[in-house]
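Fold and contact review
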Amino acid sequence: MKGKEKQVHVVPKLNPDAQLEGITLTPEESFILSRIDGSVSVMDIVAVTGLEEEKVIAVLQKFASMGIIDAPGLKQEDECDLSEKERREIDVFVKKLEEKNYFE
């Protein structure tokens, strides 16, 4: 629980070198991204968005792993050895799967 408490005090900042072209975000992810200005904490983002803390942290972890934000102190739950390109390809593939139905 202590690790989670520390994570809510992290202040994420947009990475000025991030390449956002070609990245598809859900409405929730877009809303969370729009709240990041380098002065608000994870706790503030949770309060402003009305989303569950776990959801916000998961999205921020995704953004950090993609290089969209810098968030020192935000624990990465699923660190792996994939390159940025491979992670993006997987994200695109998963998004396409989510758009399909059982019969496609």
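Before going into details, it helps to say that this report is about the structure given with it.

Here is what the cut-offs are and how they apply
- Residues numbered from 1 in each chain as written.
- Predicted model: local features only at pLDDT ≥ 70, side-chain atom pairs only at ≥ 80, totals over all residues.
- Heavy atoms only, no water.
- 1 Å grid on protein atoms, 1.4 Å probe; cavity = no way out; pocket = protein on both sides within 12 Å on 5 of 7 lines; lining within 4 Å.
- Points joined across faces, edges and corners; volume = space filled by probe spheres on them.
- Helix = DSSP H or I, 4+ residues; strand = E, 2+ residues; numbered from the N terminus.
- Nonpolar A, V, L, I, M, F, W, Y, C, P; charged D, E, K, R; others polar.
- Salt bridge = Lys/Arg side-chain N within 4 Å of Asp/Glu carboxyl O.
- Buried < 20%, exposed > 50% of the residue type's maximum accessible area, 1.4 Å probe, protein only.
- Polar contact = N/O pair within 3.5 Å; in protein donor to acceptor, adjacent residues only side chain to side chain.
- Contact = heavy atoms within 4.5 Å.

**Describing the layout of surface pockets**
By volume, the second largest pocket is sized at about 190 Å³. Residue lining of the second largest pocket: Glu21, Gly22, Ile23, Thr24, Lys62, Met66, Arg88, Asp91, Val92, Lys95, Lys96 and Glu99, and that is the complete set. For the lining of the second largest pocket, the elements supplying multiple residues, two or more each, are helix H4 (53–66) and helix H5 (84–99). The leading source of residues in the lining of the second largest pocket is H5, at 6 residues. Grouping the constituent residues of the lining of the second largest pocket by class yields 3 nonpolar, 2 polar and 7 charged.

**Some words on the pattern of salt bridges**
Evaluation of the coordinates by the stated rule reveals 4 salt bridges. When the shortest N-O distance is used, the salt bridge between lysine 55 and glutamate 28 registers 3.4 Å. Pair noted here: lysine 55 is in helix H4 and glutamate 28 is in helix H2 (residues 27–35), with a separation of 27 residues, a long-range link. When its relative accessible area of 35% is taken as the criterion, glutamate 28 is described as partly exposed. Residue glutamate 29 is joined to lysine 95 by a salt bridge in which the shortest nitrogen-to-oxygen separation is 3.7 Å. One end of the pair, glutamate 29, is in helix H2; the other, lysine 95, is in helix H5, with 66 residues separating them in the sequence. The network of salt bridges with common partners includes Glu29, Lys62 and Lys95.

**What to know about the side chain of threonine 49**
By the element assignment, threonine 49 lies in helix H3 (residues 42–49). Of the residues examined, threonine 49 reaches a relative accessible area of 14% and is grouped as buried. Within the local environment of threonine 49, its side chain forms a polar contact with the backbone oxygen of isoleucine 45, the two atoms lying 2.8 Å apart. For threonine 49, the side chain forms a polar contact with the main-chain oxygen of valine 46, separated by 3.4 Å. Not counting the four nearest positions on each side in its chain, threonine 49 is found in contact with Phe31, Ile32, Arg35 and Val56.

**Observations regarding the environment of leucine 60**
Secondary-structure assignment places leucine 60 in helix H4. Setting aside anything within four residues of it in sequence, one finds leucine 60 in contact with Pro12, Ile32, Ile36, Val42, Ile45, Ile69 and Leu74.

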